[in-house]
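Geometric and topological summary
Here are the chains, one letter per residue:
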Amino acid sequence: MTDINGNFDWAGLYQSVGELVEQNRTLFHKTDDHETRIRDVESKLTKLDEKVDGLDSKVDALGGKVDALGDQLKTALTPKPSVWR
């Protein structure tokens, strides 16, 4: 980083440092954008997980109702002993 006369090239150094700072700034913004997208996706996944949990409980409730209806049908369709006489 010296010129022909052996003097330090301050202008070249400042230019190099400026380019590095700009690259760093660009990388920071790209990283920040990616982190923001990741947080958005995580938020959406959390909401979907909550919906799935809600659906699971509804399915369980419906399963209980189906079992109860099956028991009622079984009771209603089972012949009574007095019918066999």
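Check the entry above for the structure.
Residues numbered from 1 in each chain as written. Predicted model: local features only at pLDDT ≥ 70, side-chain atom pairs only at ≥ 80, totals over all residues. Heavy atoms only, no water.

Topic: the pattern of salt bridges
Pairing between side chains becomes possible if they bear opposite charge and their charged atoms approach one another. This is how it is decided: A pairing counts as a salt bridge when a side-chain nitrogen of Lys or Arg comes within 4 Å of a carboxyl oxygen of Asp or Glu. Runs of E in the DSSP output that reach at least two residues are strands. Runs of H or I that reach at least four are helices, and both are numbered from the N terminus.
Scanning all chains against the criterion turns up one salt bridge. Here Glu22 and Arg25 are joined by a salt bridge, their closest N and O atoms 3.3 Å apart. Here the residue Glu22 and the residue Arg25 both occupy positions in helix 1 (residues 10-77), the gap between them amounting to three residues, near one helical turn.

Structural notes on a negative patch on the surface
The test is simple: A patch consists of residues whose relative accessible area exceeds 30% and which take part in no salt bridge; residues with like charges are grouped when within 9 Å of each other, and nonpolar side chains (Val, Leu, Ile, Met, Phe, Trp, Tyr) when within 5 Å. What sets the accessible areas is the Shrake-Rupley method with a 1.4 Å probe; for residues, cover comes only from the shown protein chains. Positive residues here are Lys and Arg, negative ones are Asp and Glu, while His and the chain termini are left out of the count. Think of each charge as sitting on NZ of Lys, CZ of Arg, CG of Asp or CD of Glu. Partly exposed describes any residue whose relative accessible area lies between the buried limit of under 20% and the exposed limit of over 50%, with all areas from a 1.4 Å probe on protein chains only and scaled to the type maximum.
On the surface, a cluster of negative charge is contributed by Asp49, Glu50, Asp53, Asp56 and Asp60. The exposed category is assigned to Asp60, whose relative accessible area is 59%.

Looking at a nonpolar patch on the surface
Residues Phe8, Trp10 and Tyr14 make up a contiguous nonpolar surface patch of roughly 390 Å² in combined accessible area. With respect to the element layout, Tyr14 can be found in helix 1. For Tyr14, a relative accessible area of 59% corresponds to the exposed category.

Description of the packing of aromatic side chains
To be explicit about the condition: Centres within 6.5 Å make a pair out of two Phe, Tyr or Trp rings, where for Trp the six-membered ring is used; the pair is then stacked when the planes are under 30 degrees apart, edge-to-face when over 60, and tilted otherwise.
This structure, assessed with the given rule, holds two aromatic pairs. When the ring of Phe8 is compared with that of Trp10, the centres are 4.8 Å apart and the planes differ by 65°; the resulting orientation is edge-to-face. Here Phe8 falls in the partly exposed class, since its relative accessible area comes to 41%. One aromatic cluster in this structure is built from Phe8, Trp10 and Tyr14.

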